[in-house]
Structures are given as C-alpha cells and as structure tokens.
Amino acid sequence: MTMAIEKLTVRHGLLEAVRGLTLSVAKGETLALVGANGAGKTTLLRTLAGAHPAHGGSIVINGEDVTRLPAHQRVRRGIALVPEGRKMFASMTVAENLKLGAMAGRKGEWSIDRVVDIFPNLRKRLDHKTGHLSGGEQQATAIGRALMSNPEILLLDEVSLGLSPLIVDRVYASLDGLMKSGTTIILVEQDLARAMGVADRVICMLEGRAVLEGYAKDLTRDQVTEAYFGLH
Ligand code: ATP
C-alpha cells in the first residue's frame, strides 16, 4: 500500500468539501477521480499535497502519518501535485521551472534530459519563458516540474483543462510510460471516457463522498454517469 486515506474531512469555512472519505491506493496504480464541479476532487488533491489542511481523519504514506506535515515535507516523502491551471512561474524559463521542481524534491532518477525524453516538444523550449509557451507546452512543463521532484505519487488535477483534444492525446500518451513504469498516479479528469480508459481504478465523488468505486474494466460508462449525477 502506498497511500491510505481514512475518514478524511476537509473544510472551506463551514462547508465540508470532503466528508469522511476513506480510500487506499496501491503502488503503481492509476486512480481516476471523477465527479461534477464542486464534488471535492481539487480539494482532496490539495489536501493530500498539504496545500490545504485536513479537518479530520488521516493520510498515511508508506506507513507514515503525514496528515499534519507541511507541503514541502510531503514533497520530500514523494508526493507531487500538478495543480489545476498549472500555476507556472511565467517569467521563468522552462529549464528554471524544471530545476525548481528538483530543488523542492528528493534525490532520484529524474533529470531535464529525461523530462524532454517524454515531452520532446520541450527540448527546443528549455530557454523560453514559460509564459510564452502554448497551453500544451505549459502543461508538459508543469508535469515535468513535478516529476523532477522524483515523486512516488503524482497528483494530476485536470491536465486536459484548456487544451485541444489533439494536445490532450499527446499529454496522455506521454503519461502512459509513467503509468507503466510504476509511478502511482491519482488524477482528476472531467472526461469520463478518458478517465476510464487510462485508469486502473475509478472513484466517483459527489458532495465530498465517494459514491462509486471500482476497477475501470468492471464499470460501465452508464454506471459512472449515474453516480456522477447522484442517480446511483
Ligand atoms: P471542480 O471540478 O470545479 O474543480 P471539484 O470537484 O474539484 O470541482 P472543489 O473545487 O474541491 O471541487 O470544491 C468542493 C467544494 O468546496 C465546492 O462547493 C466549492 O465551492 C468549495 N470550495 C472550493 N474551494 C474553496 C475555497 N477556496 N473557499 C471556499 N469554498 C471553496
């Protein structure tokens, strides 16, 4: 077991965005979180990364309770978040952004060379300011920055957002190798078909709870759609 989340509750003021969620993620597994806007997916990923505090419950990684650890210490334990909207330093170059990821992280096998191996378009962009890149290149940089911290668990929040279908295909094709290489991935994806296509396991959230959970191969699109709209 890589990550075990138990009875996790997360609040925004009085609003309970995650309500007593229990789930576990096995090493090397790709887990997709789906659910309508406001279901609590982004809040969950941010809480796992330490960007938002947990109100109750626990998050355990490789047997260690990290629930109260600040974000930078979780990065050192192998959690990396690629946030919604990418959140890049626009005035820094791609190479500088990638190096920043390495500085925050732990030692390991990731290098700029390896990032450009999986995102070849970045090779000729390394000295360009991130703010001048296309959406797809920015997303690749954001994922690359997370990889440079040598994560064991990669959290991806809506990597498709604002990208054309062709570019989304390319980003997922690049992620495919990572998924096969044993990196544990938790991803939020609005596109159900894609989520079910890439993930081993799917969890559908509704109002802060997991209302459906199963192996992608055992679930039908209709089942997930019903859970998505609370018809389950
Ligand atoms: P989306 O697909 O829109 O990102 P989501 O499933 O990721 O949706 P969250 O963004 O986690 O859902 O939001 C869960 C709930 O928490 C929603 O009701 C949302 O309005 C609320 N919320 C999220 N962020 C904040 C915040 N910073 N302050 C107050 N409420 C928030």
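About the cut-offs
- Per chain, residues are indexed from 1 in the order of the written sequence.
- The predicted nature of this model means local features are confined to residues of pLDDT at least 70 and side-chain atom pairs, given and counted, to a pLDDT of 80 or more, with totals for whole chains, interfaces and linings taken over all residues.
- In computing side-chain properties, one takes all heavy atoms of the structure into account and sets aside hydrogens as well as water.
- One requirement defines pairing of two strands: DSSP has to find at least two bridges between them.
- Only DSSP runs of H or I with at least four residues qualify as helices, and only runs of E with at least two residues qualify as strands; both kinds are numbered from the N terminus onward.
- All axes here are fitted lines through C-alpha atoms, helices being fitted over the stretch that makes contact, and every angle between N-to-C directions spans 0 to 180 degrees.
- Here, two residues are considered to be in contact whenever any of their heavy atoms come within 4.5 Å of each other.
- Nearness of a residue to a molecule or strand requires only that one of the residue's heavy atoms be within 4 Å of it.
- Any pair of nitrogen or oxygen atoms within 3.5 Å is treated as a polar contact; in protein, a donor-acceptor pairing is required on top of that, and neighbouring residues in sequence qualify only through side-chain atoms on both sides.
- Residue burial considers only the protein chains on display, and all accessible areas are found by Shrake-Rupley using a 1.4 Å probe.
- Throughout, the ten residues Ala, Val, Leu, Ile, Met, Phe, Trp, Tyr, Cys and Pro are labelled nonpolar, Asp, Glu, Lys and Arg are labelled charged, and all others, Gly among them, are labelled polar.
- Patches here are clusters of residues that have more than 30% relative accessible area and form no salt bridge, with a 9 Å joining cutoff for like charges and a 5 Å cutoff for nonpolar side chains (Val, Leu, Ile, Met, Phe, Trp, Tyr).
- We define a salt bridge as a contact between a side-chain nitrogen of Lys or Arg and a carboxyl oxygen of Asp or Glu at a distance within 4 Å.
- Using a 1.4 Å probe on the protein chains alone, a residue whose accessible area is under 20% of its type maximum counts as buried, one over 50% counts as exposed, and one in between counts as partly exposed.

Draft legend 1. Main features of the sheet that holds strand β7 (residues 153-157). Strand order in the open sheet formed by 6 strands is β6-β7-β8-β3-β9-β10, and the pairing between neighbours is mixed. Of all strands in the sheet, those with a lone pairing partner are β6 (79-82) and β10 (209-215), marking the two edges. Averaged over all pairs of adjacent strands, the angle between strand axes in this sheet comes to 15°, irrespective of strand direction. Bridge analysis of strand β3 (residues 30-34) against strand β8 (residues 184-188) gives 4 bridges, and the strand direction is parallel. Its bridge partner lying in β8, A32 is registered against L187. The sheet contacts of helix α5 (residues 135-147) involve β6 and β7, and relative to β6 the element is tilted by about 170°. Together, β3, β7 and β8 form the strand contacts of helix α6 (residues 165-180), whose direction differs from that of β8 by roughly 145°.

Draft legend 2. The arrangement of the site of the ligand in detail. Within the structure, the ligand sits among 14 residues, and G38, G40, K41, T42 and T43 are positioned closest to it. For the ligand, an oxygen atom lies 3.2 Å from a polar atom in the side chain of N37. T42 places a main-chain nitrogen or oxygen 2.7 Å from an oxygen atom of the ligand. Computed on the free molecule, the ligand has an accessible area of 620 Å², of which 59% lies beneath the protein chains in the complex. Those elements giving two or more residues to the shell around the ligand turn out to be β2 (15-25) and α1 (41-49). Residue contributions to the shell around the ligand peak at 3 residues, all from α1. Here the residues of the shell around the ligand are counted per class, giving 4 nonpolar, 7 polar and 3 charged.

Draft legend 3. Summary view of a nonpolar patch on the surface. Residues F89, L100 and M103 make up a contiguous nonpolar surface patch of about 310 Å² in total accessible area. Position of F89 among the secondary structure elements: in the loop between β6 and α3 (94-104). Looking at F89, the relative accessible area reads 44%, which means it is partly exposed.

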